[in-house]
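# Structure at a glance
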Amino acid sequence: MPLSVIVITKNEEASIGACLTSVAWADEIVVIDAGSTDGTAEICRRHKALVHVAADWPGFGPQKNRALALATGDWVLSLDADERVTPELRREIEAAIADPGGRAAFAVPRRSSYCGQPMRHSGWWPDYVVRLFRRGTGRFSDEMIHERLIVEGPVGRLRRPLIHEAFGDLEEVLETVDRYSTAGAAVMYERGKRATLAAAILHGLWSFFHTYVVRAGFLDGREGFMLAVSNAEGTYYRYLKLMLLTERNKPGRS
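Figured I'd write up the structure that's included with this text.

## Describing the overall build of the chain
Helix and strand counts for the chain come out as 7 helices and 12 strands. Taking 2.2 N^0.38 as the reference for a compact globule, 254 residues should give roughly 18 Å; the C-alpha atoms of the chain span a radius of gyration of 19 Å, in line with that estimate. Judged by the C-alpha coordinates and their principal axes, the chain covers about 55 × 45 × 35 Å. When contacts within the chain are restricted to residue pairs at least 6 apart in sequence, those whose partners lie at least 24 apart make up 74%. Summed over its atoms, the accessible surface of the chain is roughly 12900 Å², and 53% of this surface lies on carbon and sulfur atoms. Here the chain contributes 32 positive and 32 negative side-chain charges, whose respective centroids are spaced 4 Å apart.

Next up, the structure:
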């Protein structure tokens, strides 16, 4: 069964090579690049990927659907640029698509690292994500962030983990917190949600407690505490930005 791998990119030259090397065995690799200004597109071409540039940014879901529309394989594996397929997972993927047992898709456990440390708790493991699916049975939701794959049909589970090099250092964490909280606030505003300073504080505190205590982040040691703090910051800033966005757009305000 031919397999297409789809990836969306923007300025991912530090990680995309390892990602594409890990799936060099696939029948086809399709990359939609959002106008990278570094060497991402050229690296993808060196890895024999079909690269299409779409500099307008519609959001993660729509961008992934663009890549999906260009895939031609019977099965599709969707990856992020900072993810890697191990040899063990490759064998499990090949066995699954050779004999899917009536399943339309498969979820994969994702093992993510935070500042170089693989996380075993904190809600990050096992983090099952549906990434492998029969073409024509699934599409990505239209969310600008936190998109999900919508599948028609039974979904199975694989056992071997997908490696996710989520955050290499603290600078990357802080940049992501800022970018995602801004996008999240915009999405919430468009959906009619509003926030106050008290709501921002309470949601931030709950996010820390949920990560560090409910999801046993304390078992991940120092990095578990750091992750809980960054989750709390992201939540706090998202609601705070929503509050400020609401105030700026009040009727009669210039």
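Picking up where we left off.
## Side note on helix α4 (residues 87–98)
In this model, α4 (12 residues) spans 17 Å end to end at C-alpha, consistent with the 16 Å of a helix rising 1.5 Å per residue. Those residues of α4 lying buried are Leu-89, Glu-92, Ile-93, Ala-96 and Ile-97. Projected down its long axis, α4 shows its buried positions confined to an angular sector of 125 degrees, all on one face. The exposed residues of α4 that point more than 90 degrees off its buried face are Pro-87, Arg-91 and Ala-98.

## Concerning the environment of Ala-18
Its place among the elements puts Ala-18 in helix α1 (residues 16–21). Given the relative accessible area of 41%, Ala-18 is considered partly exposed. The sequence separation of Ala-18 and Ala-69 amounts to 51 residues, and the corresponding C-alpha distance is 24 Å.

## Structural notes on the side chain of Asp-127
For Asp-127, the location among the structural elements is in strand β8 (residues 127–134). A polar contact is formed between the side chain of Asp-127 and the side chain of Arg-110, at a distance of 2.9 Å. The contact partners of Asp-127, leaving out residues within four places of it in the chain, are Val-108, Pro-109 and Arg-110.

## So, a nonpolar patch on the surface
Taken together, Leu-197, Ile-201, Leu-202 and Leu-205 make up a surface patch of nonpolar side chains, about 390 Å² in accessible area. Its location among the elements puts Leu-205 in helix α6 (residues 197–214).

## Some thoughts on the packing of α6 against helix α7 (residues 221–248)
Orientation of α6 relative to α7, taken along the N-to-C sense of each, is 160 degrees, at an axis distance of 8 Å. With respect to their mutual orientation, α6 and α7 come out roughly antiparallel. Crossing hand, α6 versus α7: right-handed. Across from Leu-197, Ala-200, Ile-201, His-203, Gly-204, Ser-207, Phe-208, Thr-211 and Tyr-212 in α6, the residues of α7 making contact are Gly-224, Phe-225, Leu-227, Ala-228, Val-229, Asn-231, Ala-232, Thr-235, Tyr-236, Tyr-239, Leu-240 and Met-243. Classifying every residue of the contact of α6 with α7 by side-chain character gives 14 nonpolar, 7 polar and no charged.

## Points about unusual backbone geometry
Here Trp-125 and Pro-126 are connected by a cis peptide whose omega angle stands at -10 degrees. Tracing the backbone shows Pro-126 in the loop between β7 (117–118) and β8. For Lys-48, which is not glycine, the phi torsion reads 65 degrees and is therefore positive. Lys-48 gets classed as exposed once you look at its relative accessible area, which sits at 70%. Of note, the phi angle at Ser-122 is positive, near 60 degrees, even though the residue is not glycine.

## A short note on the nonpolar core
Ranked by internal contacts, the top residues of the largest apolar core, which has 29 residues, are Leu-77, Leu-79 and Leu-132. Sorting the residues of this core by element identifies β1 (3–9), α1, β2 (28–33), α2 (40–46), β4 (75–79), α4 and β6 (105–114) as the ones contributing at least two each. Here this core gets 4 residues from one element, more than from any other, and that element is α4. Apart from residues lying up to four places away in sequence, Leu-77 is in contact with Leu-3, Ser-4, Val-5, Ile-6, Val-23, Val-85, Ile-93, Arg-131 and Leu-132. Within the second largest apolar cluster, 18 residues are counted, among which are Ile-8, Leu-68, Phe-133 and Ala-183.

## Notes on α6
Compared with the 26 Å implied by 1.5 Å per residue over 18 residues, the 24 Å span of α6 between its first and last C-alpha is a close match. Taken together, the buried positions of α6 are occupied by Ala-200, Gly-204, Ser-207 and Thr-211. Summarising the axial view, the buried residues of α6 lie within an arc of 60 degrees, below the 170-degree limit, and thus occupy one face. Residues Leu-202 and Leu-205 are exposed on α6 and point more than 90 degrees away from its buried face. Buried residues in α6 make contact with α7. Backbone geometry just downstream of α6 places Ala-216 in the positive-phi region, at approximately 60 degrees.

Scoring rules and cut-offs
- Residues numbered from 1 in each chain as written.
- Predicted model: local features only at pLDDT ≥ 70, side-chain atom pairs only at ≥ 80, totals over all residues.
- Heavy atoms only, no water.
- Helix = DSSP H or I, 4+ residues; strand = E, 2+ residues; numbered from the N terminus.
- Rg over C-alpha atoms; globule rule 2.2 N^0.38 Å.
- Contact = heavy atoms within 4.5 Å.
- Areas by Shrake-Rupley, 256 points an atom, 1.4 Å probe, with all protein chains shown as cover.
- Lys, Arg positive; Asp, Glu negative; His and termini not counted.
- Charge placed at Lys NZ, Arg CZ, Asp CG, Glu CD.
- Expected span 1.5 Å × (residues − 1).
- Buried < 20%, exposed > 50% of the residue type's maximum accessible area, 1.4 Å probe, protein only.
- Arc of directions from axis to C-beta.
- Polar contact = N/O pair within 3.5 Å; in protein donor to acceptor, adjacent residues only side chain to side chain.
- Patch = residues over 30% accessible without salt bridge, like charges linked within 9 Å, V, L, I, M, F, W, Y side chains within 5 Å.
- Salt bridge = Lys/Arg side-chain N within 4 Å of Asp/Glu carboxyl O.
- Axes fitted to C-alpha atoms, helices over the stretch in contact; angles between N-to-C directions.
- Parallel < 35°, antiparallel > 145°, perpendicular 65-115°, else oblique.
- Left-handed = near helix turned anticlockwise from the far one by under 90°.
- Nonpolar A, V, L, I, M, F, W, Y, C, P; charged D, E, K, R; others polar.
- Core = buried A, V, L, I, M, F, W, Y, C linked by side-chain atoms within 4.5 Å.

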